[in-house]
Amino acid sequence: MRRWLALVLIGIAGGSFWLAGTKQQPLLQARRDFHLSRGEPLENTPPLVAFTTVALGGFRGIIADLLWLRASQLQQDGKYFELVQLADWITKLEPRMVHVWAFHGWNMAYNVSVLFNEPTDRWRWVRQGIGLLRDEGLKYNPGEPRLYRELGWIYQHKMSGNTDQMNVYYKRWWADEMEALFEGPRPDYQRLAPDRAERMKEVYKLDPALMEQVEREYGPLDWRLPQAHAIYWAWRALPLARGFDKVQLDRMIFQTMADAAFQGDLFSNPVEGVFITGPNLALISKTRRAYEQAIAANPGESSMESGHRNFLRTAVLVLYTHHRLAEARDVLEDLRRRYPAPEYNQGLDRYVFSRMTEFIQELGQREALNMVAGTLQQSWFWLAMGDEEQAQGYQQLARSIWREYMKTRLDPEVAARAGLPPLEQLNQQARDAVEKQLQSQAAKDRLTKPTP
Amino acid sequence: MSEPIIEAIGLQKVFRDFWRRPKVKAVNDVSFTVNRGEVFGLLGPNGSGKSTTLKMILGLLYPTSGQLRVLGRSPRDVKTKARIGYLPEESYSYPYLTSQETLSFYGMLFDLPAGERQQRTEQLLDMIGLRHARRRQVGEFSKGMARRIGLAQALINDPDLVILDEPTSGLDPIGCRQVKDLIKALAARGKTVLLSSHLLSDVEDVCDRVIILYNGKVQALGTINELLEQKTQYRLTMPEVSAEGLQRILAAVRAELGNEPAVDHPRRDLEQFFLEIVEKARQATTEASGVGPASGVARYLAGDEVLQQLLKTPESPAPAPLSAAQQQAADEKLRKLVEPPK
Amino acid sequence: MNKVFAIAGIAIRNAIRSRVVVVLLALLLIAIVALPLTIKGDGTLTGAVQVLLRYTLGAVTMILSIATLWAGCAAISLEVQERQVHLLVTKPVFRMQLWLGKWLGLLILNTVLLGLAGVASYTLLRWNLRQDDVADILVARRVVNPMPLDIAADARQIFEEQKRRGELPPGPPDQVLEAIQQSLRQQAYSVPSGLARRYVFPVKPTGVPLVIRYKFASSSTGKEQLACLWIAGSPDRADRFEKPEYAAPGGVHTVRIPPAMVDTNETLTVDVANVHPMPLTMVFAPDDGVQLLVQETSFEMNLVRCLLLELVKLAFLGALAVTIGSVFSLPVAAVTAGYALLLMNIGGYLQTLIGQKMIFSAGAQPGILDLLVHWIYVILYWLTKPFQQPSALEPLAAGELVSWTWLGTIFLWQVVVAGGAVAAIGVWAFNRRELGLPE
Ligand SMILES: Nc1ncnc2c1ncn2[C@@H]1O[C@H](COP(=O)(O)OP(=O)(O)OP(=O)(O)O)[C@@H](O)[C@H]1O
Ligand SMILES: [Mg+2]
């Protein structure tokens, strides 16, 4: 009986050896593929991590797997409390596996955050994702461009973009935090208090010297907005990246630049609770240059070119409405040269006008009314904020829209049915609406000025 | 007297290896009977199967073939164990328990009531001379001390059948002597003792009957006298006599036998000599780190008062004085022997 | 019985004097004190408490499990190896008593250690939370499922209706009926926009606040939040409780409901209306889509029951280890027991492996070997399934009730049935063992 048992066991052992042998080659290949065979010790490793990675040897992969299964199970069940800890362990068990870091950072910032109803909860998870990549992942893998890119992506897409319904909250809270850190849109590089510099470096991993370089190259950037941070992290990885990574980083930089050019100037007035982003016109020329360089470096990337064209088309309108006529003309010229199309062959005024009217003519009565009223409110709002130039611009715009819309409805009968109220009446309503929302007397006083 | 306590018929034990192949025939067709009140010795050189036989009797090993009954039951019957005491070849006690706890623990296994248990523990500790070490952990004990604990635990239940595997191994001569006295005392109370040993003098001193094993087979079986008495020779011992007296005696012997008898002074044996020395030394010192003064046999083991009295001073080397009747009988015999030829 | 206690007694004494207990206590203390310092919660107080409870108590039970396994394996096998058992089985001690004694010793030690660890972690937790409001965190709520839908009757009615009209799809009648039930169930759990769905919970009026916990998927692939309205209270009441929610699909959300909404007939009616402007459907999970949480006992009582439950598991582990140790020598026993413990604990992993057929490379035709390995895993899974009890630590940490019923069931199963079987096997094998043989 025992003899048979022993024979069977020996048979099983032999079979297992053979089985192990057949799997040996594929496994070795997989090791090579996933960069698991790197022998050099990790830098910056705390003793505990160094110990576990060495002591557990090959078993750490299994443990990491089990933890990972648990993490996804918990996530499915809606139990998120352990996720941070589990991600911490998993990544530390495999500190060299870049895609493990990337996955967990992305998972927390993207997948977990959206499971919550409250913006504070979501923001917490976005920050967990940022923290994992920035504070841990990059510490262990300072030379991995992929991790910089993942980090930049959270700033560029999750926070700066608008796919997440709560993105406004993220922007605000991040801006509040950065405002407190820099006391302004950017640190005062020349007179930076040592403790502030320390805090920037230690907590946010922002190196003032590097920030200044980024600023020189792409600035002026408003560091209270996530765009500047996306650019910062992408820029830091540029010297490390080659090939596809490099293209991705370039793309991240000019896309974010484009975003910053149109939305990169923050106007915030905490007393009025105002948080508005507007165009950062100084960036337009630098963005153009960034695009041009990237296109030159990657010929035949059609997606880059279409991105470039869209950027230029918007830039013309924005520059025009901000009265930067020379620059607008230059951009239009650029468009005509690079992406020839009949619409660019008309003069600047006509081009802008045609794009606007095309749009306005097609509006319904309600929409047109909303648009005029809204633009007028913008005008009064900026007046209250003390920006007369902006106020005038909007007043101008509202007038143009009104006129353009009414142009085809001149017949009194049609005007009575589908026309807009007189502009003065609309102006009065807009003024009252803005005044009601204001808190401070100073702002209210500014509204007593005559119509801009 | 002839109630059989252990009956073994054709006992055999074969040790097998991992593949169930017979490896050693440790006990081979052994048959014997041990009766109540007997002191029965298993004799044999190392590896002759003594311990194996004892372990089969204890149910620690299962016989390969043959019949074995202990106290009228199978050796694996748990209930009969209440009447058995066992001293293993080596000490297998719990190193972290003190000697007192050890004895008390084994007492509990016999369901002894607490008072009884404590009393017996105390008496046993006195008997083995380890009263002063009763709060020390057994793990620190010397070999002999541990053996003594082993002996004590074998007796905690006042067993009817005492099985001792090499009871004197590791013990000093005093201990040996004590063990032998103990065995005699037990036998005197009608207990049955089964022991194994290769120290022949021990066996000779205490055993009624012995079995001699060699290579697992029975070589000889019988009472000590049957086995050892040389029926063709006599030995004469007498007190100091005058030279003429001796001459006369020798002349008479010479005349009777026709040749010269051997004459010398009797020597004390070493055991007795050692016992005297130690006794003297003990009286001179007060503190002991090893085995303290042992006190004969535990009261509860000794049974009635008279027997107790008889065994009171086992360490005294002097033989017990003979009674008047015995003296007379001895004189008579001697007189007959030395009587000159007519 | 005295003999059993005597044997347990010396087992405990041995453990204490050989400093095993001290070392264990030190390990437990380190786990209880040091773990909270190194563990990361999710940034909320609730999360911190949950992780703390889960991990410290988890570490405690893990340490005790491993120690129990080791000590249990050693209990008899070491005595056999050191031959102390020769002096036990030559006394009037049944081997069952010996087995029981060893097991009882382990159990007593475990009880004391687990108790101390429980008190220590609780004290530490309270001390850490001394400045926080924990009324909503340290809770023990019973999870109440809604009354089951009466689909069978409706399905039968539809079936008859279709039959009458001769529109019954082809196929065996019971399968058709089953298909109708299936689609009804499907409909019942999905709420298209503009519609509502009613849940009725059996609940006694208690006066404590009630909490609805819900979770749904959206028919949209996007992650946008859906607007829904929760209405509680019987439909004929004028003061029904209403709470609009803007909820993210996939997440777990809660709505507090005033206790007054419980009806006199000991039910709580809850309607959920999908009021999202876009035509999107909310799909609630059939098993845990909508549940009611009712505060039932104090957190402390829950903790006690949870520890008792862990103790029950340790009792089973102890039985298993003692049995293994009474059959094998220590190294073999320890490896066997460790393997058994591993199998019991990776049940979930095995389930995923076989459920998702992860052994097979995607797309490829599975080879003989793959199938073989797959079936080995299947067998292992089914062998260990009965011993895979969900940990009581999870509900404790999540503030859910660890009920006496659950504790009782686990006790009955793990100690009485499984433990008894293991004990019987152990005693049987031990009885057949020739202890005079060397290992
Ligand atoms: N468990 C065992 N496995 C194999 N052989 C054994 C085993 N136990 C004993 N033997 C063998 O059986 C024979 C008898 O051994 P046993 O221990 O009975 O001798 P003994 O007479 O007690 O010797 P000693 O005087 O040395 O104590 C020896 O040859 C021994 O090697
Ligand atoms: Mg021997």
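Quantities reported herein were computed from a predicted structural model and do not represent experimental measurements.

A. Representation of the overall build of chain A. In terms of regular secondary structure, chain A is built from 21 helices and two strands. Taking 452 residues into account, the globule formula puts the C-alpha radius of gyration at 22 Å, and chain A, at 29 Å, lies well above it. Taking all 452 residues of chain A together, 46% fall into the buried category. For chain A, the proportion of contacts with a sequence separation of at least 24, taken over those separated by at least 6, is 63%. When the accessible surface of chain A is totalled, it reaches about 23,000 Å², and 55% of it is carbon and sulfur.

B. Representation of the domain arrangement of chain C in the model. Under the domain assignment used here, chain C contains domain 1 (2-135 + 299-345 + 388-432), domain 2 (146-188) and domain 3 (191-287). The centre of domain 1 of chain C, based on its C-alpha atoms, is set 42 Å off from the matching centre of domain 3 of chain C.

C. Examining the coordination of the magnesium ion (ligand 2) more closely. All names here are of chain B. On the protein side, the magnesium ion (ligand 2) has Ser51 (OG) and Glu89 (OE) as donor atoms, found 1.9 to 2.3 Å from it. Of this pair, serine 51 sits in helix α1 (residues 50-58) while glutamate 89 sits in the loop between β5 (84-87) and α2 (99-109), and the two are 38 residues apart along the sequence. For glutamate 89, a relative accessible area of 26% translates into the label partly exposed.

D. Structural context of the domain arrangement of chain A. Residue and element names in this part refer to chain A. Examined at the domain level, chain A breaks down into domain 1 (47-142) and domain 2 (171-267 + 280-294). Each of domain 1 and domain 2 was reduced to a C-alpha centroid, and the two centroids are 26 Å apart. At the interface, eight residues of domain 1 touch eight residues of domain 2. The contact between domain 1 and domain 2 buries some 720 Å² in all, and 66% of this surface belongs to carbon and sulfur atoms. Among the residues of domain 1 in contact with domain 2, Trp123, Arg127 and Arg134 are the three that bury the most area, contributing 64% of the side total. Applying the counting criterion to the domain 1 and domain 2 interface returns two salt bridges. Between glutamate 177 and arginine 127 there is a salt bridge; the shortest N-O distance is 2.3 Å. Linking domain 1 to domain 2 there are three residue pairs in polar contact (both at pLDDT 80 or more). Taken together, the residues of the side of domain 1 that touches domain 2 sort by class into four nonpolar, one polar and three charged.

E. Structural context of the interface of chain C and chain B. Taken together, the contact pairs 30 residues of chain C with 30 residues of chain B. Carbon and sulfur atoms make up 65% of the surface buried where chain C meets chain B, a total of about 2,900 Å² over both sides. For B:Glu101, the salt bridge is made with C:Arg17, and the minimal N-O distance between the two is 2.7 Å. At the junction of chain C and chain B, the tally comes to eleven residue pairs in polar contact (both at pLDDT 80 or more). Those elements that provide at least two residues to the side of chain C that touches chain B are α1 (2-17) and α4 (85-89) of chain C.

F. Inspection of helix α3 (residues 59-76) of chain A at higher detail. Residue and element names in this part refer to chain A. Here α3 spans 26 Å end to end across 18 residues, near enough to the 26 Å set by a 1.5 Å rise per residue. Turning to α3, its buried residues are Ala64, Leu67, Ala71, Leu74 and Gln75. The buried side chains of α3 occupy one side of the element, clustering within an arc of 95 degrees when seen end-on. In α3, the exposed residues that point more than 90 degrees away from the buried face are Phe59 and Gln76. Of the residues trailing α3, glycine 78 is marked for its positive phi of about 75 degrees.

G. A look at the sheet that holds β5(B). Residues and elements named next belong to chain B. Pairing is mixed across the open sheet formed by six strands, whose spatial order is β5-β6-β7-β3-β8-β9. Strand pairing shows two members of the sheet lacking a second neighbour, β5 and β9 (217-223), which therefore form its edges. When strand polarity is set aside, the average angle formed by the axes of neighbouring strands in this sheet is 15 degrees. Across five bridges, the pairing between strand β3 (residues 39-43) and strand β7 (residues 192-197) is parallel. Each residue of the ladder has a partner; that of glycine 41, found in β7, is leucine 195. On top of the sheet, α1 reaches β3, β5, β6 (161-165), β7 and β8 (209-214); it is set at about 150 degrees to β6, its chief contact. Lying on the sheet, helix α4 (residues 143-155) is in contact with β5 and β6; it crosses β5 at an angle near 170 degrees.

H. Molecular detail of unusual backbone geometry. Not every positive phi belongs to a glycine, and B:Glu166 is a case in point at roughly 50 degrees. Mapping B:Glu166 onto the fold places it in the loop between β6 and α5 (173-188). On the basis of relative accessibility, which here comes to 13%, the residue B:Glu166 falls in the buried class. Look at C:Arg19: it is not a glycine, yet its phi comes out positive at around 70 degrees. Its place among the elements puts C:Arg19 in the loop between α1 and α2 (20-38).

I. Seen up close, the pattern of salt bridges. Taken as a whole and assessed by the stated rule, the structure comprises 57 salt bridges over all chains. With a closest N to O distance of 3.9 Å, A:Glu82 and C:Arg54 form a salt bridge. Taken together, the residues A:Glu82 in the loop between α3 and α4 (83-93) and C:Arg54 in helix α3 (residues 45-81) connect one chain to another. Across the pair, C:Arg54 and A:Glu82 agree in class, each one buried. Judged by its relative accessible area of 14%, C:Arg54 falls in the buried class.

J. Representation of the site of ligand 1 in the model. Within the structure, ligand 1 sits among 17 residues, and B:Gly47, B:Lys50, B:Ser51, B:Thr52 and B:Glu89 are positioned closest to it. Chain contributions to the surroundings of ligand 1 come from chains B and C. B:Gly47 is positioned with one of its backbone polar atoms (N or O) 2.7 Å from an oxygen atom of ligand 1. Separating an oxygen atom of ligand 1 from a side-chain N or O atom of B:Glu89 is a distance of 2.8 Å. Protein chains bury 72% of the 630 Å² of accessible surface belonging to ligand 1 in isolation. The set of elements that each furnish at least two residues to the shell around ligand 1 consists of β2 (22-35) and α1 of chain B.

K. Focus on helix α8 (residues 299-327) of chain C. The terminal C-alpha atoms of α8(C), which comprises 29 residues, lie 42 Å apart, in line with the 42 Å expected from a rise of 1.5 Å per residue. Among the 29 residues of α8(C), 24 are classified as buried, and the element is accordingly described as predominantly covered.

L. The arrangement of the interface of chain C and chain A in detail. Across the boundary between the two partners, chain C contributes 33 residues, which contact 33 residues of chain A. When chain C packs against chain A, the two sides together hide about 2,500 Å² of surface, and 53% of this comes from carbon and sulfur. Ranking the residues of chain C by area buried against chain A places C:Lys40, C:Asp42 and C:Tyr55 at the top, with a combined share of 25%. Counting across the chain C and chain A interface gives two salt bridges.

M. Inspection of the nonpolar core at higher detail. B:Leu124, B:Leu155 and B:Leu301 are the most contacted members of the largest nonpolar core, which totals 252 residues. Per-element accounting of this core gives the leading share, 16 residues, to α8(C). Beyond its immediate chain neighbours, meaning those up to four positions away, B:Leu301 contacts B:Leu124, B:Met127, B:Leu155, B:Asp158, B:Leu182, B:Leu186 and B:Arg189. Residues C:Val203, C:Leu226, C:Ile257 and C:Val262 belong to the second largest nonpolar core, which totals 29 residues.

N. The side chain of C:Arg240, seen in detail. All names here are of chain C. Residue position: arginine 240 is located in the loop between β6 (226-232) and β7 (241-247). Only 2.8 Å separates the side chain of arginine 240 from the side chain of aspartate 271, close enough to count as a polar contact. Non-local contacts of arginine 240, meaning those with residues more than four positions away in its chain, are made with Arg198, Ile231, Ala232, Gly233, Ser234, Pro235, Met261 and Asp271.

O. Up close: the packing of helix α16 (residues 348-361) of chain A against helix α18 (residues 388-407) of chain A. All names here are of chain A. Following both chains from N to C, one finds α16 and α18 inclined at 60 degrees, their axes separated by 9 Å at the closest point. If you check the angle between α16 and α18, you find them oblique. Crossing angle aside, the handedness with which α16 passes α18 is right-handed. When α16 is examined against α18, the residues Phe353, Met356, Thr357, Ile360 and Gln361 are found in contact with a partner set consisting of Leu397, Ile401, Glu404, Tyr405 and Lys407.

About the criteria used
Residues numbered from 1 in each chain as written. Chains lettered and ligands numbered in written order. Predicted model: local features only at pLDDT ≥ 70, side-chain atom pairs only at ≥ 80, totals over all residues. Heavy atoms only, no water. Helix = DSSP H or I, 4+ residues; strand = E, 2+ residues; numbered from the N terminus. Rg over C-alpha atoms; globule rule 2.2 N^0.38 Å. Buried < 20%, exposed > 50% of the residue type's maximum accessible area, 1.4 Å probe, protein only. Contact = heavy atoms within 4.5 Å. Areas by Shrake-Rupley, 256 points an atom, 1.4 Å probe, with all protein chains shown as cover. Domains from an automatic or database assignment. Donors = N, O, S within 2.8 Å, 3.2 Å for Na, K, Ca; no water. Buried area = accessible area lost by both parts, 1.4 Å probe. Salt bridge = Lys/Arg side-chain N within 4 Å of Asp/Glu carboxyl O. Polar contact = N/O pair within 3.5 Å; in protein donor to acceptor, adjacent residues only side chain to side chain. Nonpolar A, V, L, I, M, F, W, Y, C, P; charged D, E, K, R; others polar. Expected span 1.5 Å × (residues − 1). Arc of directions from axis to C-beta. Pairing = 2+ DSSP bridges. Axes fitted to C-alpha atoms, helices over the stretch in contact; angles between N-to-C directions. Near = heavy atom within 4 Å. Core = buried A, V, L, I, M, F, W, Y, C linked by side-chain atoms within 4.5 Å. Parallel < 35°, antiparallel > 145°, perpendicular 65-115°, else oblique. Left-handed = near helix turned anticlockwise from the far one by under 90°.

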